[in-house]
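Descriptive analysis of the structure
The residues making up each chain are set out below.
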Amino acid sequence: MKNCPNKKQMLSLGAMMSRIEELIERLCPDGVEYKPVKTVYKRLRGTPITAGKMKEIADSSGEIKIFAGGQTMIYAHEKDIPKANITRVPAVLVQSRGTIDFVYYEQSFTFKNEMWAYTSDDRTSVKFLYHVLKANAETFRNAASGMGSMPQISLKVTEEFKVPVPPMEVQEEIVRVLDSFAELESELESELESELEARKRQYAYYRDKLLDFSSRGEIAWIPLGEIVSISTGSKPQDDIANVGKYRFVNAGTSESGFLCDWNTEGDTTTTPSRGQGGIGYVGYEREPFWCGPLCYRMKSKSPSLNDRYFYYALCSLRRSILAYMKEGGTPAVNRSDLIRIPIPVPSLEEQERIVVILDKFDTLVNDISAGLPAEIEARRKQYAYYRDKLLSFKEKVA
């Protein structure tokens, strides 16, 4: 695995930093002005469009990208977008509700009119604003706290936010450095994630070997429904957002948000009941969580079955789940089929031995505080450090 970044890359980065320091000393030795965003950039408005209409007109071959709240976006044809207000210049989109974030985009796009965007006549100036706002994302997220179950910021929060306005030559060099570093960081992260994926495959191999009882004498194989309680969850009453203590788990391979309430206790195995891309995935929730209506939750109802062992056993039986998948329309798997899957049930002592071994593998591969995931996070922090350093200017005294 490569060191991140390597010595040559660090020397290059040091040279770029020195170049910027020299420019600042030459062009703005007394500091730079800080001005409200609204006085420097032009604000752009979005399109009045509902989630239902977006679903109706979504077309992957469309030439217009439409951003909604959080990570939701679609492509559509301009002719299908009612009252379309298309942005055709480089701009910074303010995602103001749910997930508070900023997106730089250069192609033709629009967005739900609960959001807004900023542009200017100079592409570099727009990209510079993106880096400044992104560096201060946590400030905006803090401003959104305490505004109900769905965090949001008002227009005034960004309009009045003061940004540094250094000479254009300084902006150009900072944008060039940050874009280069972001590209480097992305490449290195991709390498690390590829290695992490390789370790996951290695882990799956050893897991399946441990759970292969074909040559280990008499083992009871019991239908899932006889030793495990299985049911789907329910739709939450509150909006789903990135606030709250409890994970919301529904169709898919990761949490769908967070809530302030839970409906399922911890140490529970989950698997999606329907949805694109999720069937066959097996998850395990250690803490209480909210189980959605498109997810099965499973808990041992037999003193002879360890819950954590059951999770690992079901992971190794993913093909059995996929064999029952119904593909007419939305992929789904029925409860009546799942309960028929035979589960190998060795002695509790053997189950506990297997759990201890596989938990160690699981920690190595998945724990954000250990191994490769921690290294990936370190790279992100390193990039953020240099970005914040480059965007910190002495304010010019009027």
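Everything in this summary refers to the structure shown in the same document. (Residues numbered from 1 in each chain as written. Predicted model: local features only at pLDDT ≥ 70, side-chain atom pairs only at ≥ 80, totals over all residues. Heavy atoms only, no water.)

1. Section: helix α5 (residues 137-144)
The set of residues buried in α5 consists of Ala137, Phe140 and Ala144. Buried residues in α5, looked at end-on, bunch into an arc of 65°, giving them a common side. (Buried < 20%, exposed > 50% of the residue type's maximum accessible area, 1.4 Å probe, protein only. Helix = DSSP H or I, 4+ residues; strand = E, 2+ residues; numbered from the N terminus. Arc of directions from axis to C-beta.)

2. Let's talk about the pattern of salt bridges
If you walk through the whole model with that rule in mind, you get 25 salt bridges. The shortest N-O distance in the salt bridge between Glu173 and Arg176 comes to 2.6 Å. With Glu173 and Arg176 both in helix α7 (residues 168-210), this residue pair falls three residues apart, about one helical turn. For Arg176, a relative accessible area of 42% gives the class partly exposed. Here Asp208 and Arg207 are joined by a salt bridge, their closest N and O atoms 3.1 Å apart. Judged by its relative accessible area of 34%, Asp208 falls in the partly exposed class. Arg207 sits in the buried class, given a relative accessible area of 11%. It is possible to trace a salt-bridge network through shared partners that takes in Asp101, Lys134, Glu138 and Arg141. (Salt bridge = Lys/Arg side-chain N within 4 Å of Asp/Glu carboxyl O.)

3. Overview of the environment of Gln382
By secondary structure assignment, the location of Gln382 is in helix α13 (residues 371-390). The exposure class of Gln382 is buried, given its relative accessible area of 19%. Sequence separation between Gln382 and Glu185 is 197 residues; the distance between their C-alpha atoms is 8.9 Å.

4. Some thoughts on the sheet that holds strand β2 (residues 42-44)
Strand order in this open sheet of four strands is β2-β8-β5-β6, and the pairing throughout is antiparallel. Of all strands in the sheet, those with a lone pairing partner are β2 and β6 (101-105), marking the two edges. Strand-to-strand twist of the sheet, defined as the mean angle between neighbouring strand axes without regard to direction, takes the value 30°. The pairing of strand β5 (residues 91-95) with β6 spans five bridges and is classified as antiparallel. Across the sheet, residue Gln95 finds its bridge partner in β6, namely Asp101. (Pairing = 2+ DSSP bridges. Axes fitted to C-alpha atoms, helices over the stretch in contact; angles between N-to-C directions.)

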